[in-house]
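# Geometric and topological summary
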Amino acid sequence: MAQLEQIGQPRALAGGVDTVLARMRGLAADLPPMDGVAVFNRVYLTVTDTVDRAIDAGPGGGFPDRAAAITLDVRFAERYLAAVDAAAHGLRPPACWRPLLTFRRHPGVRPLQFALSGINAHIGHDLALAVVDTCRTLGCEPECLEDEFDRVGELLVTLEERIREELMPGPDLLQIADPLTHLLGSWSIERARDAAWAAARALWALRGLPPLAAEFTQRLDTSVGLVGRMLLTPLPD
């Protein structure tokens, strides 16, 4: 799968979840608070910290296979961090991340839009590839990761309302005429998660057909990027 081996391929597991948490905290310290990547990074840092604590809780946290959960979590996070690293070094990140990385300082884009665009890229594209990465690392089938995938998805869905509450611009959001209301209604974490699982299974089924797998991955990347760009439509104050 040539596409999976281009820029954005996660590095070898080293240090587990603590390493990716440290890298995200470093970004939080370095980036201006209103930078679009910083907005998403704060949200994702919260998500990753929540997943880490659930993994540490063992079966009580909903992750019976700790090794599988850690591998999936790290492979997932590394895709986002690799995209940020690529942009920082003047390289071309995956298409799904380009809207956020391009419009990250646009004054007409609201913080909630930055967060949703990043979540769209990370779940819509990165999560599917992270499942494939994890299967290759552990030598297993996607079905072996379904419990871990579902638990991560549950944590993401429970955080969706919290994300919206923290980043909502105010009571005007409740007005039907507010364009942001329409953007919020057009996308959901739960639907993106379900699509990611279907994409992961399709990619795994295509692993013996590299040209088709590469085409599928490219089209997934492009389509997720298009949604991300729409989510970043500049809005009036």
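For clarity, every value in this text was computed on a predicted model and none was experimentally measured. (Residues numbered from 1 in each chain as written. Predicted model: local features only at pLDDT ≥ 70, side-chain atom pairs only at ≥ 80, totals over all residues. Heavy atoms only, no water.)

Nonpolar side chains in soluble globular proteins tend to end up buried together. Ranked by internal contacts, the top residues of the largest apolar core, which has 70 residues, are Tyr 80 and Trp 97. For this core, the secondary-structure elements that each account for two or more residues are helix H1 (16-30), helix H2 (36-56), helix H3 (66-88), helix H4 (98-103), helix H5 (111-138), helix H6 (146-167), helix H8 (189-205) and helix H9 (210-231). When residues of this core are assigned to their parent elements, the largest contribution, 14 residues, is made by H5. Tyr 80 has contacts with Met 24, Leu 27, Val 37, Phe 40, Asn 41, Tyr 44, Trp 97, His 122 and Asp 126, leaving out every residue within four places of it along the chain. (Core = buried A, V, L, I, M, F, W, Y, C linked by side-chain atoms within 4.5 Å. Buried < 20%, exposed > 50% of the residue type's maximum accessible area, 1.4 Å probe, protein only. Helix = DSSP H or I, 4+ residues; strand = E, 2+ residues; numbered from the N terminus. Contact = heavy atoms within 4.5 Å.)

Put simply, H2 and H5 touch, their axes get as near as 8 Å, and they point 65 degrees apart. Comparing the axis directions of H2 and H5 gives the class roughly perpendicular. The two elements H2 and H5 meet at a crossing, and its hand is right-handed. On H5, the residues that touch Gly 36, Val 39, Phe 40, Val 43 and Tyr 44 of H2 are Pro 111, Phe 114, Ala 115, Gly 118, Ile 119 and His 122. (Axes fitted to C-alpha atoms, helices over the stretch in contact; angles between N-to-C directions. Parallel < 35°, antiparallel > 145°, perpendicular 65-115°, else oblique. Left-handed = near helix turned anticlockwise from the far one by under 90°.)

With that settled, the discussion passes to H1. Between its first and last C-alpha atoms H1 spans 22 Å; for 15 residues at 1.5 Å apiece the expected length is 21 Å, and the two agree. Among all positions in H1, only Val 17, Val 20, Leu 21, Met 24 and Leu 27 are buried. One side of H1 carries all its buried residues, which in axial view fall inside an arc of 115 degrees. Residues of H1 that are exposed and angled more than 90 degrees away from the buried face: Asp 18, Ala 29 and Asp 30. In this fold, the buried residues of H1 make contact with H2 and H3. (Expected span 1.5 Å × (residues − 1). Arc of directions from axis to C-beta.)

Here we come to the side chain of Arg 193. Checked against the element boundaries, Arg 193 lands in helix H8. For Arg 193, the contacting residues outside a window of four places in its chain are Ile 123, Phe 149, Asp 150, Gly 153, Glu 154 and Val 157.

The first and last C-alpha atoms of H8 sit 24 Å apart over 17 residues, in line with the 24 Å expected at 1.5 Å per residue. Within the sequence span of H8, burial applies to Ile 189, Ala 192, Arg 193, Ala 196, Trp 197, Ala 199, Ala 200, Leu 203 and Trp 204. Here the buried residues of H8 occupy an arc of 170 degrees about the axis, which is enough to place them on one side. Pointing more than 90 degrees away from the buried face of H8 are the exposed residues Arg 191 and Ala 205.

Another point: the environment of Arg 104. Of note, Arg 104 is situated in the loop between H4 and H5. Arg 104 sits 65 residues away from Val 39 along the chain, and the two C-alpha atoms are 9.1 Å apart. Non-local contacts of Arg 104, meaning those with residues more than four positions away in its chain, are made with Leu 31, Met 34, Asp 35, Gly 36, Val 37 and Phe 114.

Now for the side chain of Glu 78. By secondary structure assignment, the location of Glu 78 is in helix H3. With a relative accessible area of 6%, Glu 78 lands in the buried category. At 2.7 Å, the side chain of Glu 78 and the side chain of Arg 23 are in polar contact. (Polar contact = N/O pair within 3.5 Å; in protein donor to acceptor, adjacent residues only side chain to side chain.)

Another point: the packing of aromatic side chains. Counted under the stated rule, the structure contains 7 aromatic pairs. Aromatic pair Phe 40 and Tyr 44: ring centres 5.6 Å apart, planes at 15 degrees, arrangement stacked. Of this pair, Phe 40 and Tyr 44 are both found in helix H2, 4 residues apart, which corresponds to roughly one turn of the helix. With respect to burial, Phe 40 and Tyr 44 carry one shared label: buried. Following the ring pairs from residue to residue traces out a cluster consisting of Phe 40, Tyr 44, Phe 76, Tyr 80 and Trp 97. (Phe/Tyr/Trp six-rings, centres within 6.5 Å; stacked < 30°, edge-to-face > 60°.)

In this section: the pattern of salt bridges. In the structure shown here, the tally under the stated rule is 14 salt bridges. A salt bridge links Arg 23 to Glu 78; the shortest N-O distance between them is 2.7 Å. Linking Arg 23 in helix H1 with Glu 78 in helix H3, this pair joins segments that are 55 residues apart in sequence. Measuring nitrogen to oxygen at the nearest pair gives 3.9 Å for the salt bridge that ties Arg 207 to Glu 141. With Arg 207 in the loop between H8 and H9 and Glu 141 in the loop between H5 and H6, this residue pair connects regions lying 66 residues apart in the sequence. Here the residues in one salt-bridge network are Arg 23, Glu 78 and Asp 85, joined through shared partners. (Salt bridge = Lys/Arg side-chain N within 4 Å of Asp/Glu carboxyl O.)

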